[in-house]
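# Analysis of the macromolecular model
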Amino acid sequence: MTVTENNVYDSTTQINHIQWFYQLEGRSDETTGLLNLRMLFPQEIEALLHYNGFDTRARYGDYDGTPFTAQSSRQLIVCTSK
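Described in the following lines is the structure provided in the data block. These numbers come from a predicted model, not from an experiment.

Right, let's get into the side chain of N16. Positionally, N16 belongs in strand β2 (residues 15-23). Of note is the side chain of N16, whose polar atom sits 3.4 Å from the side chain of N7. Residues within four places of N16 in sequence aside, it is in contact with N7, V8, Y9, L35, N36, L37 and M39.

Dropping the structure here:
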């Protein structure tokens, strides 16, 4: 199977439009999958959590527990309710 991907980021809505293309080896037909992913920036998500009654306990940049930095590809936040 061959999988390719196309991303189009709309900065006005902060939505990343992702489309995947799947093709089985030896076949000419193709299947597609769509995902519209809303991007949340660090200060934005902190404010949303705060104003909705959550306290941040930890922030990670990946599932292995590495610190969240400007180079992190992920934003994982551990919260508790106030």
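Having seen the model, we can carry on.
Attention now goes to a nonpolar patch on the surface. Where nonpolar side chains cluster on the molecular surface, the patch consists of M1, V3, Y22 and L24 and spans about 380 Å² of accessible area. You can see M1 is positioned in the segment before β1 (2-10). The class of M1 is exposed, set by a relative accessible area of 62%.

Side-chain direction in a regular strand flips from residue to residue, so the side chains alternate between the two faces of the sheet. Relative to β2, β1 runs antiparallel, the two sharing 9 bridges. Note on β2: the bridge partner recorded for T2 is Q23. Counting the residues that bridge the hairpin from β1 to β2 gives 4 residues, and of these Q14 lies at a positive phi of roughly 60°. Note: β2 against strand β3 (residues 31-38), 8 bridges, orientation antiparallel. For Y22, the partnering residue across the bridge sits in β3 and is T31.

Applying the stated rule across the entire model yields 4 salt bridges. When the shortest N-O distance is used, the salt bridge between R38 and E44 registers 2.9 Å. A relative accessible area of 43% means that R38 is categorised as partly exposed. Two residues, D62 and R74, come together in a salt bridge whose shortest N-O distance is 3.5 Å. In this pair, D62 sits in the loop between β4 (54-60) and β5 (76-81) while R74 sits in the loop between β4 and β5, placing the two residues 12 residues apart along the sequence. Residue classification places R74 among the partly exposed residues on the basis of a relative accessible area of 35%.

What counts, and at which threshold
Residues numbered from 1 in each chain as written. Predicted model: local features only at pLDDT ≥ 70, side-chain atom pairs only at ≥ 80, totals over all residues. Heavy atoms only, no water. Helix = DSSP H or I, 4+ residues; strand = E, 2+ residues; numbered from the N terminus. Polar contact = N/O pair within 3.5 Å; in protein donor to acceptor, adjacent residues only side chain to side chain. Contact = heavy atoms within 4.5 Å. Patch = residues over 30% accessible without salt bridge, like charges linked within 9 Å, V, L, I, M, F, W, Y side chains within 5 Å. Areas by Shrake-Rupley, 256 points an atom, 1.4 Å probe, with all protein chains shown as cover. Salt bridge = Lys/Arg side-chain N within 4 Å of Asp/Glu carboxyl O. Buried < 20%, exposed > 50% of the residue type's maximum accessible area, 1.4 Å probe, protein only. Pairing = 2+ DSSP bridges.

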